[in-house]
Amino acid sequence: MGFEADSRLLLEENERETLWQRLSEITEEYISRVDQARVTPLEIRPDEIRSFIESFDLEHPLGPVEAVNRMAEGLWRFSVHTPHPRYFGLFNPAVTSMGIAGDHLTAAFNPQLAAWSHSPLAAEIEIAICRAMGERFGYDPKSTDGNFTSGGAEANHTALLTALVDRFPEYLNHGVRALDRAPVMYISEEGHHSFLKAAPLCGLGINAVREAPSDPSLRMDLNALNRQIREDRASGLAPFLVVATAGTTNAGVLDPIPEIAQIAEREGLWFHVDAAWGGAASLVPELRPLLAGAERADSITFDAHKWLSVPMGSGMYLTRHPNILTQTFSVETGYMPRDSKLYGGVDGYRHSMQWSRRFIGLKVFLSLAVAGWEGYAEAIRHQTAMGNLLRRRLTESDWILVNATPLPVICFVDGESEAGSRVEQLEALARHVVNSGRAWLSVARLAGGRRAALRACITGYRTGPEDVEELVAALANARSALREQ
Ligand SMILES: *Cc1c(COP(=O)(O)O)cnc(C)c1O
């Protein structure tokens, strides 16, 4: 054996064996018992959490099994259990077992995706998944390019950047200040707010993000969009990008993709479809028509860590322009290996925002390898059916639905009380349900904050009819408890 640090970093062989054994027990205990636990901790006590952390005395190291045992206990106690079947939350699913296996292998082999020649298998698997996902959206695999990202926010940031590079040839070398007209982009007020961070990251101000109002069905109001583009041109600005959201975070609503594609084509705008969550509908033949028009998008955001249920973070940026990523990110260095070119491989660091990069795609590939497209289609169908069941049960119990989407996000207000659509009342109802530990749901502020609603999403594939009933019962309880106050 090598030097002495081995014993603390690598650990002895018998210690490692016990550690892996214990880790798989902890994993299995969590997966098989989480549904019997409260969804949320009894109460969040920051001082308790801090003293838990301080109980790890770094001057007096622990044994490996004791360390993971204590950490598992902490994770059990101090987390909202998003894999719980009654977590009706924000697109944080129960994860696939093959996804856990994928992250495990990734951590152990630690392939470096910055250089193609370091990890050619990993690099080729990722591009293969990007092409396969692009094909689901209607892209031609021969010209599809893409990369894996930390999540949807990075993919949207990439979209903004590639749109700027494509539409303004001076931008890449000289920046926004070289442009004679200020670039502006368009998204619905129900779109994702990661664009408000991406704009300043790309040298644009937040005001460059024009939020078109939503119509009563919470879809982008196209008359307002057209008007805003006209006014912006008249005042000397340079419209360059429009985003359609395919499955909004608030309400699961899909913007009218073909109509927005047409406006983009007429106006010469880069067309981006943010399908971070809703894009999974493309895996189900009968739901795929919802995404019609996405094949006309210049780029697409899709998050595998949402409805493909792999562990975070696993986003994708897809594009039908095979050279735009290289055009945007290609830099030469004196220190990176150059041998990838011999094989025609594309180095990750010249093709993405990230430099050193983990094998994000493995958890997706292994999940697909075992579930198959059909296994995923079934899971997505099941979740959609549970969404329909929840809609029906809520209506039967005098809740009023306020969003319309075939996807399983349900926004609703209390039809039994006059104050039933007031945000304070909805917050109180949600708090009561969450504090009961029986389920987790939230309050969404819709239409730029003009309306509020309770929001329940069938986030996980493990949610069954009995979990839907439990949520409805917990809501009924909350309603009568508040009435008695
Ligand atoms: C979740 C989401 C994002 C952001 O993705 P992250 O993975 O959280 O970075 C962007 N757009 C939409 C529509 C989303 O639902």
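Everything here concerns the structure above.
Residues numbered from 1 in each chain as written. Predicted model: local features only at pLDDT ≥ 70, side-chain atom pairs only at ≥ 80, totals over all residues. Heavy atoms only, no water.

1. What about a nonpolar patch on the surface?
Here comes step 1: Taken together, the side chains of Val331, Tyr335 and Trp355 define a hydrophobic patch exposed on the protein surface, amounting to about 330 Å² of accessible area.
Here comes step 2: Of note, Tyr335 is situated in the loop between helix 12 (324–329) and helix 13 (340–343). (Patch = residues over 30% accessible without salt bridge, like charges linked within 9 Å, V, L, I, M, F, W, Y side chains within 5 Å. Areas by Shrake-Rupley, 256 points an atom, 1.4 Å probe, with all protein chains shown as cover. Salt bridge = Lys/Arg side-chain N within 4 Å of Asp/Glu carboxyl O. Helix = DSSP H or I, 4+ residues; strand = E, 2+ residues; numbered from the N terminus.)

2. Describing the environment of Ile324
Here comes step 1: In this structure, Ile324 sits in helix 12.
Here comes step 2: Given a relative accessible area of 3%, Ile324 falls into the buried group.
Here comes step 3: The sequence separation of Ile324 and Thr162 amounts to 162 residues, and the corresponding C-alpha distance is 6.6 Å. (Buried < 20%, exposed > 50% of the residue type's maximum accessible area, 1.4 Å probe, protein only.)

3. A look at the site of the ligand
Here comes step 1: Around the ligand sit 13 residues, and of these Ala153, Asp274, Asp303, His305 and Lys306 come closest.
Here comes step 2: Take Asp303: an N or O atom from its side chain is 2.6 Å from an oxygen atom of the ligand.
Here comes step 3: Ranked by residue count, the leading element in the shell around the ligand is helix 7 (residues 152–167), at three residues.
Here comes step 4: Along the lines of polarity and charge, the residues of the shell around the ligand split into three nonpolar, seven polar and three charged. (Near = heavy atom within 4 Å. Polar contact = N/O pair within 3.5 Å; in protein donor to acceptor, adjacent residues only side chain to side chain. Nonpolar A, V, L, I, M, F, W, Y, C, P; charged D, E, K, R; others polar.)

4. Some details on the sheet that holds strand 1 (residues 145–149)
Two orientations exist for strands paired in a sheet by backbone hydrogen bonds: parallel and antiparallel.
Here comes step 1: Across the sheet, seven strands lie side by side as 1-7-6-5-4-2-3; this open sheet has mixed pairing. Of all strands in the sheet, those bounded by a partner on one side alone are strand 1 and strand 3 (209–212). Along the sheet, successive strands turn relative to each other by an average axial angle of 20°, direction set aside.
Here comes step 2: Relative to strand 7 (residues 315–319), strand 1 runs antiparallel, the two being bridged by five bridges. Bridging from a neighbouring strand, Gly146 pairs with Leu318 of strand 7. (Pairing = 2+ DSSP bridges. Axes fitted to C-alpha atoms, helices over the stretch in contact; angles between N-to-C directions.)

5. Quick notes on the nonpolar core
Here comes step 1: Core analysis: the biggest nonpolar cluster contains 97 residues, and Phe271, Leu441 and Leu454 have the highest contact counts within it.
Here comes step 2: No other element matches helix 14 (residues 362–396), which puts 11 residues into this core.
Here comes step 3: If we ignore the near neighbours within four places in the chain, the residues touching Leu441 are Phe88, Phe412, Ala430, Val433, Val434, Leu454, Arg455, Ala456, Leu471 and Leu475.
Here comes step 4: The next biggest cluster of nonpolar side chains, apart from the first, holds 28 residues, and it includes Ala155, Cys202, Leu241 and Val243. (Core = buried A, V, L, I, M, F, W, Y, C linked by side-chain atoms within 4.5 Å. Contact = heavy atoms within 4.5 Å.)

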